[in-house]
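What the coordinates show
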Amino acid sequence: MLSLVSKSQQLSKDTVVCIIDTTRSYVEYRVNPFPEKYPKFRWQVSIQGHYYDIEWPKKKDFACITFRAIGLNSNFLNPIGPWDIKIQKEKIKGRFIVENDEWVNQQKDFNTLCTRIGSVPSDICSFIIWKQDFESLKTDSVIMHRVSVGYNIILKDCFE
């Protein structure tokens, strides 16, 4: 007798999907920027932020949120799959928390970003969708890419 057990996180309101437009000036897409250190990363998207504009105005250019696509065999932060999910576009906004790169870029409160988008260790299941694919009229579905989320943060103790 063979018994298979699978553990996976339910995709629902604890799942955030960020729609990313790579043509925006504050969005940077890079193929695996650290191939020697993290060979399983496929790509990385960084969005320049504004969460230090008020609190640390001299460090405001340091504010950045990064989404990293994790390879299928990666154990980085022990992510639970699936990594790429094909889903009908009409089901996304009703089923998941949805934000876009512009919203992320404009946030001035770091806690709002962490609460809505997630942080490390992963407390929210995070995916991104390419805006160009989401707006394409050629298909009624899109691929959601599972990502790890990271932020450039300043440790307050170092400046006080």
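Please read all numbers here as calculations on a predicted model, not as lab measurements.

The subject of this paragraph is the packing of aromatic side chains. On inspection of all chains with the given rule, the structure shows seven aromatic pairs. Among the aromatic residues, ring-to-ring pairing joins Tyr-51, Tyr-52, Phe-110 and Tyr-151 into one connected group.

Grouped together as the largest cluster of nonpolar side chains are 25 residues, with contacts concentrated most on Ile-20, Ile-47, Ile-65, Phe-67, Ile-117, Ile-128 and Tyr-151. If sequence neighbours within four positions are ignored, Tyr-151 has contacts with Tyr-51, Cys-64, Ile-65, Phe-110, Leu-113, Cys-114, Ile-117, Gly-118 and Ser-119. One finds Val-17, Phe-96, Phe-127 and Phe-134 within the second-largest nonpolar core, a separate group that totals 13 residues.

Once that is clear, we can look at the confidence of the model for the chain. Reading predicted coordinates in detail is not appropriate for stretches of low pLDDT. A residue-level look at the chain finds 74% of positions with pLDDT of 70 or above and a mean pLDDT of 78. Confidence, read as mean pLDDT per element, is least for strand E4 (residues 64-70) in the chain (84) and greatest for helix H4 (residues 131-135) (95).

This paragraph deals with helix H3 (residues 110-117). Of all the positions in H3, only Leu-113, Cys-114 and Ile-117 are classed as buried. One face of H3 carries all of its buried residues, which in axial projection span an arc of 95°. In H3, the exposed positions that point more than 90 degrees away from the buried face belong to Asn-111 and Thr-115. Phi for Gly-118, located one or two positions after H3, is positive at around 110°.

On to the pairing of strand E7 (residues 125-130), then. Of all the six residues making up E7, six are buried; the element is thus mostly covered by neighbouring parts of the structure. Residue alternation in E7 divides its side chains into two sets, Cys-125, Phe-127 and Ile-129 and Ser-126, Ile-128 and Trp-130, and both sets are buried. The pairing of strand E1 (residues 15-20) with E7 spans six bridges and is parallel. Along E7, the bridge assignment pairs Ile-20 with Trp-130. Two strands pair when backbone bridges link them, and E7 and strand E8 (residues 141-151) are joined in this way by two bridges, in the antiparallel orientation. When the sheet's bridge partners are listed, Phe-127 is paired in E8 with Arg-146.

This next bit is on the environment of Phe-134. By secondary structure assignment, the location of Phe-134 is in helix H4. The class for Phe-134 is buried, based on a relative accessible area of 18%. Considered as a pair, Phe-134 and Met-144 are 10 residues apart in the sequence and their alpha carbons are 9.8 Å apart. Contact partners of Phe-134, with chain neighbours within four places excluded, come to Ile-19, Lys-89, Ile-92, Lys-93, Ile-129 and Val-142.

The topology assignment puts Lys-108 in the loop between helix H2 (101-106) and H3. Lys-108 sits in the partly exposed class, given a relative accessible area of 42%. Sequence separation between Lys-108 and Tyr-51 is 57 residues; the distance between their C-alpha atoms is 3.9 Å.

Our focus in this paragraph is the environment of Glu-55. Assignment of secondary structure puts Glu-55 in the loop between strand E3 (41-48) and E4. A residue is classified by how much of its surface remains accessible, and Glu-55, at 42% relative accessible area, is partly exposed. For Glu-55 and Lys-108, which are 53 residues apart along the polypeptide, the C-alpha to C-alpha distance reads 9.2 Å.

So, how was this worked out
Residues numbered from 1 in each chain as written. Predicted model: local features only at pLDDT ≥ 70, side-chain atom pairs only at ≥ 80, totals over all residues. Heavy atoms only, no water. Phe/Tyr/Trp six-rings, centres within 6.5 Å; stacked < 30°, edge-to-face > 60°. Core = buried A, V, L, I, M, F, W, Y, C linked by side-chain atoms within 4.5 Å. Buried < 20%, exposed > 50% of the residue type's maximum accessible area, 1.4 Å probe, protein only. Contact = heavy atoms within 4.5 Å. pLDDT = per-residue confidence, 0-100. Helix = DSSP H or I, 4+ residues; strand = E, 2+ residues; numbered from the N terminus. Arc of directions from axis to C-beta. Pairing = 2+ DSSP bridges.

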